[in-house]
Amino acid sequence: MLYNENLHEEEQHLIQQIAEQTERGKIDWELTEYNPLSFLNEDKIDKNPAVICQSFSFEAIIGGSRYELDVMENIDVPSGMGDYTITLTRDETENYLKIEDALSFDCDRYECTPEEVAERFADSPIVRLCNAIILPRLGRRI
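Note that this is a predicted model, so its numbers are computed, not measured. (Residues numbered from 1 in each chain as written. Predicted model: local features only at pLDDT ≥ 70, side-chain atom pairs only at ≥ 80, totals over all residues. Heavy atoms only, no water.)

J.: Is there a simple way to think about the overall build of the protein chain in this case?
T.: The helix and strand tally for the protein chain stands at three helices and five strands. Ordered by position from N to C terminus, the α and β elements of the protein chain give α-β-β-β-β-β-α-α. Residues counted as buried form 39% of the 142 residues belonging to the protein chain. Look at the contacts in the protein chain between residues 6 or more apart in sequence, and 47% of them connect residues 24 or more apart. Here the protein chain displays about 8800 Å² of accessible surface, and carbon together with sulfur accounts for 48% of that area. (Helix = DSSP H or I, 4+ residues; strand = E, 2+ residues; numbered from the N terminus. Buried < 20%, exposed > 50% of the residue type's maximum accessible area, 1.4 Å probe, protein only. Contact = heavy atoms within 4.5 Å. Areas by Shrake-Rupley, 256 points an atom, 1.4 Å probe, with all protein chains shown as cover.)

J.: Sorry if this is basic, but what is going on with the packing of aromatic side chains here?
T.: Each pair of aromatic rings is reported with the distance of its centres and the angle of its planes. Inspection of every chain in the model, using the stated rule, returns two aromatic pairs. Aromatic side chains Phe-56 and Phe-58 sit 6.2 Å apart centroid to centroid with 15° between the ring planes, which places their arrangement in the stacked category. With a relative accessible area of 2%, Phe-58 lands in the buried category. Following the ring pairs from residue to residue traces out a cluster consisting of Tyr-34, Phe-56 and Phe-58. (Phe/Tyr/Trp six-rings, centres within 6.5 Å; stacked < 30°, edge-to-face > 60°.)

J.: When you look at the sheet that holds strand E1 (residues 30–40) in this model, what are you seeing that I'm missing?
T.: Working definition: the strands of a sheet are paired by backbone hydrogen bonds and lie parallel or antiparallel to each other. Strands sit in the order E1-E2-E3-E4-E5 across an open sheet of five strands; the sheet is antiparallel. Of all the strands in the sheet, the pair left with one neighbour each is E1 and strand E5 (97–102). Geometrically, the sheet is characterised by an average inter-axis angle of 10° between neighbouring strands, direction not taken into account. In the sheet, E1 pairs with strand E2 (residues 50–62) via eight bridges, with the strands oriented antiparallel. Residue pairing across strands places Ser-38 opposite Cys-53, the latter belonging to E2. (Pairing = 2+ DSSP bridges. Axes fitted to C-alpha atoms, helices over the stretch in contact; angles between N-to-C directions.)

J.: I'm lost on the pattern of salt bridges in this one. Help?
T.: A side chain with one charge may pair with a side chain of the opposite charge, provided their charged atoms come close. Enumeration over the complete set of coordinates arrives at five salt bridges. Of the charged contacts, one joins Glu-20 and Arg-128 as a salt bridge, the two residues approaching to 3.8 Å between their closest N and O atoms. Taken together, the residues span a long stretch of sequence, with Glu-20 in helix H1 (residues 2–23) and Arg-128 in helix H3 (residues 125–138) at a distance of 108 residues. Given a relative accessible area of 26%, Glu-20 falls into the partly exposed group. One salt bridge in this structure joins Arg-128 and Glu-23, with 2.4 Å as the shortest N-O distance. Taken as a pair, Arg-128 in helix H3 and Glu-23 in helix H1 lie far apart in primary sequence, 105 residues in all. It is possible to trace a salt-bridge network through shared partners that takes in Glu-20, Glu-23 and Arg-128. (Salt bridge = Lys/Arg side-chain N within 4 Å of Asp/Glu carboxyl O.)

Have a look at this one:
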């Protein structure tokens, strides 16, 4: 359990550092793919609710390594709860990295509408990174 907590803290720290460097203009992310707002029906097998979602894929060179970042914005139907998930990957044989994180992983603070996400999670590395990348490219903040 302690190992998992330490690993999560290290991952959060790395995302925070990348967010700060992106905010300062030190990292330039290129939008490689955008899937506009879509409606996904409820999954009857896994009992997942229906969602409205959009996703973004970005690439950047950080410290000489290519990083890929996938961001998905979800709004559950009918609850209206908003969530952001990210997957950050450095696909190098000897220095492989994959971080998967979401706001909803922080269950103690999670239950909120899309309008509340930005306020409630303003200090979250995920929100900071998404705002630093999405706002300049698409002209909107999460």
